[in-house]
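Structural overview for review
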Number of protein chains: 2
Amino acid sequence: MSLKSLNTPAALIDVPRMVRNIDRMQQRMNALGVGFRPHVKTTKCQQVADAQIAAGAQGITVSTLKEAEQFYAAGIRDIVYAVGMAPSKLTQALALRRQGCDLKIVADSVECAEAITAFGLEHDEVFEVWIEVDVDGHRSGIAPEDDMLIAVGKVLQAGGMHVGGVLAHAGSSYEYDTHEALVRVAEQERSCCVRAAERLRGEGMPCDAVSIGSTPTALAAEHLEGVTEVRAGVYVMFDLVMHNVGVSETSDIALSVLTTVIGHQEEKGWAIVDAGWMAMSRDRGTQRQKRDFGYGLVCSENGEVRSDYVISGANQEHGILSRTGEPDREIARRFPIGTRLRILPNHACATGAQHPVYQALAGDGTIEAWPRFYGW
Amino acid sequence: MSLKSLNTPAALIDVPRMVRNIDRMQQRMNALGVGFRPHVKTTKCQQVADAQIAAGAQGITVSTLKEAEQFYAAGIRDIVYAVGMAPSKLTQALALRRQGCDLKIVADSVECAEAITAFGLEHDEVFEVWIEVDVDGHRSGIAPEDDMLIAVGKVLQAGGMHVGGVLAHAGSSYEYDTHEALVRVAEQERSCCVRAAERLRGEGMPCDAVSIGSTPTALAAEHLEGVTEVRAGVYVMFDLVMHNVGVSETSDIALSVLTTVIGHQEEKGWAIVDAGWMAMSRDRGTQRQKRDFGYGLVCSENGEVRSDYVISGANQEHGILSRTGEPDREIARRFPIGTRLRILPNHACATGAQHPVYQALAGDGTIEAWPRFYGW
């Protein structure tokens with residue numbers, strides 16, 4: 001297979017860019033003296049996870065137990081399931097641990113800790129639990145000074161569970177676009193998470209792991225004292241949201257959607273392409289950022305950015321390609337029917353999820369199909 | 001399987017509602033004296049398409065050739081591929097026709113017609129081509145009075161292809177929310193498409209099929225004189241966008257996402273659920289409509305609408321459930337950890353696409369897994 005022979009739309013990985021992204025992050029983590037645990041929810045793809053492990057990652061982070069099952073079956077043992085544990089999923093988590101998976105689960109409430117403890121006692125299983133810490137009011141977790149932090153740890157400890165660590169995610173880092181702001185958020189993520197660990201240790205809990213991370217803070221942090229590991233996901237592909245945040249160039253973005261021009265509305269300056277929202281996803285993450293790229297930024301088939309052209313609208317299998325600003329009345333001559341283009345996505349995690357398979361384009365121009373899975 | 005035993009998140013179909021939606025639309029089409037060709041892109045699910053055919057649909061509409069292949073393999077022969085034909089996909093279309101599939105393809109430009117004709121002549125195949133008509137400036141197609149309409153027809157006819165019909169989709173109907181406006185758009189869709197057919201027939205082309213449709217116009221049209229068939233897709237499930245357009249009650253919405261409460265942020269009035277955007281999709285179709293439902297409207301596990309509660313934010317596997325208006329500081333008591341809820345989606349086509357399988361809940365409470373496919 002080669003680029004020319006691919007059907008469209010297709011999710012294309014530029015493998016040399018991906019490898020560069022992986023190496024850059026791993027080297028940074030090595031320099032900061034912390035372990036690295038990539039979040040595989042971005043790609044759910046064995047070949048990508050293998051490349052991350054080969055570069056030095058120690059274990060992975062997952063967003064679903066299905067990811068844990070799939071990657072454990074493929075040989076990865078050290079897994080953190082970084083979403084608060086639903087009591088009804090404990091049976092599935094137990095099965096993984098009984099098979100030998102070193103699965104860590106997460107709690108951020110007394111109710112959840114009690115459910116884990118009761119289930120663990122009933123099944124004679126010592127779950128390793130990490131307590132989620134809220135460092136920026138973004139989503140889940142317990143504030144580091146909240147009494148609930150200790151209460152959750154004590155419920156787990158009293159029930160014989162293993163309080164293995166604390167975990168935080170500075171999701172708010174996506175809202176900034178200057179290095180100074182990201183440095184500040186990164187330090188807040190670090191210091192809050194370390195503080196939570198210290199409080200738990202002060203109450204006699206081991207809490208060995210101090211796990212933080214998001215792609216922007218991982219790339220901005222000036223030091224990571226007290227942190228044992230970092231998690232990041234989207235860095236492996238990057239995307240237009242990360243570009244607007246300021247942590248990647250468009251030339252770092254390893255994921256694009258290959259598409260074909262199928263029509264025009266010349267008076268409006270539109271080309272119609274066969275990548276609609278089904279291929280791009282409905283993610284409009286750049287909508288409120290410094291540049292709104294619509295449903296994606298247009299590149300030539302070979303990947304050169306056509307920076308004035310975006311996918312300005314999308315239906316299920318139709319994308320509307322137009323020039324920003326003045327309509328391009330020459331659009332039909334510029335992009336005739338049959339023209340193939342690559343579209344850089346807003347959000348690599350969302351766009352990847354629309355595709356059963358990645359087409360991995362190596363530096364020598366060969367293409368390999370890398371399957372990805374989905375569902376729960 | 002029963003509702004209680006399902007893992008979450010899960011895409012749930014309320015089968016009695018689905019059957020009612022199918023019957024209502026089919027009866028309306030029968031009364032209007034037109035054929036009905038449902039768009040199966042909404043569900044990509046054999047069981048749903050079978051129910052549509054059993055109710056009286058004559059053939060189906062698809063948005064990808066993969067849908068055509070899958071549904072032809074499952075026994076449906078009469079298929080319209082309603083996206084402008086990319087020349088590079090003609091080989092795939094030819095293969096379907098050679099297997100016996102009565103596949104109709106679509107063109108809206110001279111270039112596309114020339115490509116179809118050249119390929120047809122080369123492979124000794126008479127493709128049946130429908131010409132796409134633009135009735136509202138929404139997306140693709142040729143305006144009914146445009147000279148290009150006749151030019152496209154003549155290229156096809158001169159090359160021995162079969163000009164089988166015209167096809168239009170009043171996509172702009174989604175932008176209205178009064179019956180009067182929808183009646184007007186429906187009449188515009190009808191009259192423009194009929195006019196295009198008359199012009200082609202006047203030039204000696206057969207153009208037997210006059211195919212129009214969108215769910216809102218199909219439900220609003222007062223008469224369909226000159227139309228031979230209607231296409232509609234989302235009516236089979238309905239969703240919150242259609243509810244805002246005014247063509248369905250929330251009690252008609254047959255698709256929901258079953259989810260579990262996994263945490264709280266009591267001060268903010270948030271419950272965290274395990275349906276994030278991966279389960280709901282990133283579709284925010286109600287964002288600019290008369291009521292913005294965030295990522296979905298909350299219902300009890302049994303389907304009763306909790307009309308003040310929506311999914312106000314979403315990360316990949318986390319949804320933030322909150323009350324509209326004043327934060328609900330009682331949220332942890334109202335929706336304790338482990339509570340199961342159904343979330344009605346913005347857009348059934350987008351939400352369905354996130355799930356490998358529907359869980360079909362029958363009137364007697366039993367559940368059947370109905371697989372759906374994706375990709376190209």
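Since this is a predicted model, take the numbers as computed values, not measurements.

**Some points on the overall build of chain A**
Across its full length, chain A holds 12 helices and 17 strands. What you see for chain A is a C-alpha radius of gyration of 22 Å, in line with the 21 Å of a compact globule of 376 residues. Expressed along its principal axes, the backbone C-alpha trace of chain A runs to roughly 70 × 40 × 35 Å. Classification of the 376 residues of chain A by burial places 64% in the buried group. For chain A, the share of sequence-separated contacts (at least 6 apart) that also reach a separation of at least 24 residues comes to 68%. Put simply, chain A shows about 12800 Å² of open surface, and 47% of that area lies on carbon and sulfur atoms.

**So, the sheet that holds strand 8 (residues 209-212) of chain A**
Residue and element names in this part refer to chain A. A sheet is described by the order of its strands in space; here eight strands give the open sequence 2-9-8-7-6-5-4-3, paired in parallel fashion. Two strands close off the open sheet at either side, each with one partner strand: strand 2 (35-36) and strand 3 (60-62). Of the pairings in the sheet, the one linking strand 8 to strand 9 (residues 229-230) comprises two bridges and is parallel in character. In the sheet register, serine 211 faces strand 9, and the bridge partner there is glutamate 229. Sheet strands in contact with helix 5 (residues 110-122) are strand 5 (102-107) and strand 6 (128-133), and its direction is about 145° off that of strand 5. Against the sheet, helix 6 (residues 147-158) touches strand 6 and strand 7 (162-168), its axis set at about 175° to strand 6.

**Looking at the packing of aromatic side chains**
Residues and elements named next belong to chain A. Enumeration over the complete set of coordinates arrives at nine aromatic pairs over all chains. Arranged with centres 5.4 Å apart and planes meeting at 75°, the rings of phenylalanine 36 and tyrosine 235 form a pair that is edge-to-face. Taken together, the positions of phenylalanine 36 in strand 2 and tyrosine 235 in the loop between strand 9 and helix 9 (240-245) put the pair 199 residues apart, joining distant regions of the chain. Per residue, the accessibility class of phenylalanine 36 equals that of tyrosine 235, and both read buried. Ring geometry for phenylalanine 119 and phenylalanine 127: centres 6.2 Å apart, planes at 40°, overall tilted. Like phenylalanine 119, the residue phenylalanine 127 is buried in the burial classification. Directly above the aromatic system of tyrosine 295 lies the positively charged group of arginine 284, at a separation of 5.6 Å from the ring centroid.

**Some points on the interface of chain B and chain A**
Facing 59 residues of chain B, the contacting portion of chain A comprises 59 residues. Contact with chain A buries surface across chain B, with Arg139, Tyr374 and Trp376 of chain B losing the most and accounting together for 17% of the total. Counting every contact that joins chain B to chain A gives four salt bridges. Across the pair arginine 282 of chain B and aspartate 283 of chain A runs a salt bridge, and its minimum N-O distance is 2.7 Å. Summed over the shared surface of chain B and chain A, the number is 21 residue pairs in polar contact (both at pLDDT 80 or more). Those elements giving two or more residues to the side of chain B that touches chain A turn out to be strand 4 (78-84), helix 5 (110-123), strand 10 (255-265), strand 11 (270-273), helix 10 (277-280) and helix 12 (348-352) of chain B.

**Considerations on the domain arrangement of chain A**
Residues and elements named next belong to chain A. Along its sequence, chain A is organised into domain 1 (33-235) and domain 2 (254-371). Its C-alpha centre places domain 1 at a distance of 35 Å from the equivalent point of domain 2. Counting from both sides, the interface comprises 11 residues of domain 1 and, opposite them, eight residues of domain 2. Regarding the contact of domain 1 and domain 2, the summed buried area is about 750 Å², with carbon and sulfur atoms giving 59% of it. Of all residues in domain 1, Thr42, Gln47 and Asp177 give up the largest surface area on contact with domain 2, accounting jointly for 47% of the area buried on that side.

**Digging into the pairing of strand 8 of chain A**
Residue and element names in this part refer to chain A. Across the two faces of strand 8 the burial is the same, with Ala209 and Ser211 and Val210 and Ile212 all buried. Pairing between strand 7 and strand 8: three bridges, direction parallel. Counted as the bridge partner of glycine 165 is alanine 209 from strand 8. Between the parallel pair strand 7 and strand 8, the chain is carried across by helix 7 (residues 179-202), and the sense of this crossover is right-handed.

**Some remarks on the relation of the copies chain B and chain A**
Placing chain B over chain A gives an RMSD of 0.0 Å and needs a rotation angle of 180°, together with 0.0 Å of translation along the axis. A rotation of that kind, with that shift, is consistent with a two-fold axis. In terms of proximity to the rotation axis, the leading residue of chain B is arginine 282 of chain B, whose C-alpha is 2.5 Å off the axis. In this assembly, 100% of the residues forming the interface of chain B have copies in chain A that are likewise at the interface, indicating an isologous arrangement.

**So, the state of the cysteines**
Going through the model one piece at a time under the given rule, you end up with zero disulfides over all chains. Cysteine 45 of chain A takes part in no disulfide bond, and the closest cysteine sulfur to it belongs to cysteine 349 of chain A, at a distance of 13 Å. Between cysteine 193 of chain B, a free cysteine, and cysteine 207 of chain B, which holds the nearest cysteine sulfur, the sulfur-to-sulfur gap is 7.9 Å.

**Concerning the sheet that holds strand 6 (residues 128-133) of chain B**
Residue and element names in this part refer to chain B. Here we have eight strands laid out as an open sheet, ordered 2-9-8-7-6-5-4-3, and parallel in their pairing. The open sheet has two free edges, formed respectively by strand 2 (35-36) and strand 3 (60-62), since each of these has just one partner strand. Sheet strands touched by helix 6 (residues 147-158): strand 6 and strand 7 (162-168). Its angle to strand 6, the strand with the most contacts, is close to 175°. Contacts from helix 7 (residues 179-202) reach strand 6, strand 7 and strand 8 (209-212) within the one sheet, and its direction differs from that of strand 8 by about 155°.

**A few points about the pattern of salt bridges**
All names here are of chain B. Scanning all chains against the criterion turns up 38 salt bridges over all chains. A salt bridge links aspartate 78 to arginine 37; its shortest N-O distance comes to 2.9 Å. With aspartate 78 in strand 4 and arginine 37 in the loop between strand 2 and helix 2 (46-54), this residue pair connects regions lying 41 residues apart in the sequence. A salt bridge links arginine 334 to aspartate 328; its shortest N-O distance comes to 2.6 Å.

**Remarks on a negative patch on the surface**
Together, Glu111, Glu114, Asp146 and Asp147 of chain A together with Glu266 and Glu267 of chain B make up a region of like negative charge exposed at the surface. Looking at where aspartate 147 of chain A falls in the secondary structure, it is placed in helix 6.

**So, the side chain of histidine 138 of chain B**
As for its position among the elements, histidine 138 of chain B is in the loop between strand 6 and helix 6. Leave out the neighbours within four places in its chain, and histidine 138 of chain B touches Lys268, Trp270, Asn315 and Ile320 of chain A together with Gly171, Ser172 and Glu175 of chain B.

**Some thoughts on the side chain of threonine 217 of chain B**
All names here are of chain B. With respect to the helices and strands, threonine 217 occurs in helix 8 (residues 215-220). Relative accessible area serves as the criterion here: at 2%, threonine 217 is assigned to the buried category. Reaching out from threonine 217, the side chain makes a polar contact with the side chain of serine 214 at a distance of 2.7 Å. Every residue in contact with threonine 217, bar those within four places of it in the chain, is listed here: Ala170, Ser173, Val185, Ala186 and Glu189.

**Observations concerning the packing of helix 6 of chain B against helix 7 of chain B**
Residue and element names in this part refer to chain B. Two elements in contact, helix 6 and helix 7, have axes separated by 10 Å at closest approach and are oriented at 50°. The angle between helix 6 and helix 7 falls in the class oblique. In the crossing of helix 6 with helix 7, the sense of the turn from one axis to the other is right-handed. On helix 7, the residues touching Asp147, Leu149, Ile150 and Gly153 of helix 6 are Ala196, Arg199 and Leu200.

What counts as what
- Residues numbered from 1 in each chain as written.
- Chains lettered and ligands numbered in written order.
- Predicted model: local features only at pLDDT ≥ 70, side-chain atom pairs only at ≥ 80, totals over all residues.
- Heavy atoms only, no water.
- Helix = DSSP H or I, 4+ residues; strand = E, 2+ residues; numbered from the N terminus.
- Rg over C-alpha atoms; globule rule 2.2 N^0.38 Å.
- Buried < 20%, exposed > 50% of the residue type's maximum accessible area, 1.4 Å probe, protein only.
- Contact = heavy atoms within 4.5 Å.
- Areas by Shrake-Rupley, 256 points an atom, 1.4 Å probe, with all protein chains shown as cover.
- Pairing = 2+ DSSP bridges.
- Axes fitted to C-alpha atoms, helices over the stretch in contact; angles between N-to-C directions.
- Phe/Tyr/Trp six-rings, centres within 6.5 Å; stacked < 30°, edge-to-face > 60°.
- Lys NZ or Arg CZ within 6 Å of the ring centre and 35° of its normal.
- Buried area = accessible area lost by both parts, 1.4 Å probe.
- Salt bridge = Lys/Arg side-chain N within 4 Å of Asp/Glu carboxyl O.
- Polar contact = N/O pair within 3.5 Å; in protein donor to acceptor, adjacent residues only side chain to side chain.
- Domains from an automatic or database assignment.
- Right-handed = clockwise from strand over helix to strand, strands pointing away.
- Least-squares fit on C-alpha atoms with pLDDT ≥ 70 in both.
- Disulfide = S-S within 2.5 Å.
- Patch = residues over 30% accessible without salt bridge, like charges linked within 9 Å, V, L, I, M, F, W, Y side chains within 5 Å.
- Lys, Arg positive; Asp, Glu negative; His and termini not counted.
- Charge placed at Lys NZ, Arg CZ, Asp CG, Glu CD.
- Parallel < 35°, antiparallel > 145°, perpendicular 65-115°, else oblique.
- Left-handed = near helix turned anticlockwise from the far one by under 90°.

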